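Listed below, chain by chain, are the residues.
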Amino acid sequence: QVQLVESGGGLVQAGGSLRLSCAASRNIFRINAMGWYRQSPGKQRELVAGITSGGTTNYADSVKGRFTISRDNAKKTVYLQMNSLQPEDTAVYYCNADIVRNWDLKEINYWGQGTQVTVSS
């Protein structure tokens, strides 16, 4: 089975920073697009940032200039550096990736389990 394991969430004061990591493991032939989504209570899950296998990035308008997505293909890991955090950034953050599995070479979309980010005012 393919797994996406997230880490780095927590509690931070407004204006602070956090770095999220998401490592893919097991039975992976290739990872294509990767991204971070978030969901807060009562709201739909939304895209925060995405990155292609070639390194092209895109961001939600609400995080442009504050968040940076990056990836290390050798480590099968995607990162989200979050600076100047605000209370409205509070949410569960989910890693997402399009992964080609090594046993059938099918590309499947996978989700991580989510990590809580809480920003206090």
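Residues numbered from 1 in each chain as written. Predicted model: local features only at pLDDT ≥ 70, side-chain atom pairs only at ≥ 80, totals over all residues. Heavy atoms only, no water.

(A) Spatial organisation of the state of the cysteines. The tally for this structure, following the rule as stated, stands at one disulfide. Each sulfur of the disulfide joining C22 and C95 lies 2.1 Å from the other. When the S-S torsion is -80 degrees, as for the bridge of C22 with C95, the disulfide is left-handed. Note that C22 is positioned in strand β3 (residues 18-25) and C95 in strand β9 (residues 91-101), a separation of 73 residues in sequence. Exposure class is identical for C22 and C95. Each is buried. (Disulfide = S-S within 2.5 Å. Helix = DSSP H or I, 4+ residues; strand = E, 2+ residues; numbered from the N terminus. Buried < 20%, exposed > 50% of the residue type's maximum accessible area, 1.4 Å probe, protein only.)

(B) Main features of the pattern of salt bridges. Summed over the entire model, instances satisfying the criterion amount to five salt bridges. A salt bridge links E46 to R38; the nearest nitrogen and oxygen atoms lie 2.7 Å apart. Residue classification places R38 among the buried positions, given a relative accessible area of 6%. The salt bridge partner of D89 is R66, with a shortest N-O separation of 2.7 Å. On the criterion of sequence distance, the pair formed by D89 in the loop between β8 (77-82) and β9 and R66 in the loop between β6 (57-59) and β7 (67-72) is long-range, its members being 23 residues apart. (Salt bridge = Lys/Arg side-chain N within 4 Å of Asp/Glu carboxyl O.)

(C) Structural detail: unusual backbone geometry. Not every positive phi belongs to a glycine, and R26 is a case in point at roughly 70 degrees. Exposure remark for R26: the relative accessible area of 52% places this residue in the exposed category. For L105, which is not glycine, the phi torsion reads 60 degrees and is therefore positive. Structurally, L105 can be placed in the loop between β9 and β10 (107-111). Given the relative accessible area of 53%, L105 is considered exposed.

(D) Main features of the sheet that holds β7. Within the open sheet, the four strands sit side by side as β1-β3-β8-β7. Their pairing is antiparallel. The outermost strands of the open sheet, each flanked by one partner alone, are β1 (3-7) and β7. Geometrically, the sheet is characterised by an average inter-axis angle of 15 degrees between neighbouring strands, direction not taken into account. Sheet topology places β3 next to β8; six bridges connect them, and they run antiparallel. (Pairing = 2+ DSSP bridges. Axes fitted to C-alpha atoms, helices over the stretch in contact; angles between N-to-C directions.)

(E) Fine view of the packing of aromatic side chains. Overall, the coordinates contain two aromatic pairs when judged by the stated rule. The interplanar angle of 65 degrees and the centroid separation of 4.9 Å between the aromatic rings of Y37 and W111 together place this pair among those described as edge-to-face. Of the two residues, Y37 is situated in strand β4 (residues 28-39) and W111 in strand β10; the sequence distance between them amounts to 74 residues. For W111, a relative accessible area of 37% translates into the label partly exposed. With 6.4 Å between their ring centres and 85 degrees between their planes, Y94 and W111 make a pair best called edge-to-face. Residue Y94 is located in strand β9, and its partner W111 is located in strand β10; the two are separated by 17 residues in the primary sequence. Through pairs of rings, three or more aromatic residues link up here, namely Y37, Y94 and W111. A cation over a ring is seen here: R45 above Y94, with NZ or CZ 3.7 Å from the ring centre. The ring of W111 carries R45 above its face, with NZ or CZ at 4.6 Å from the centroid. (Phe/Tyr/Trp six-rings, centres within 6.5 Å; stacked < 30°, edge-to-face > 60°. Lys NZ or Arg CZ within 6 Å of the ring centre and 35° of its normal.)

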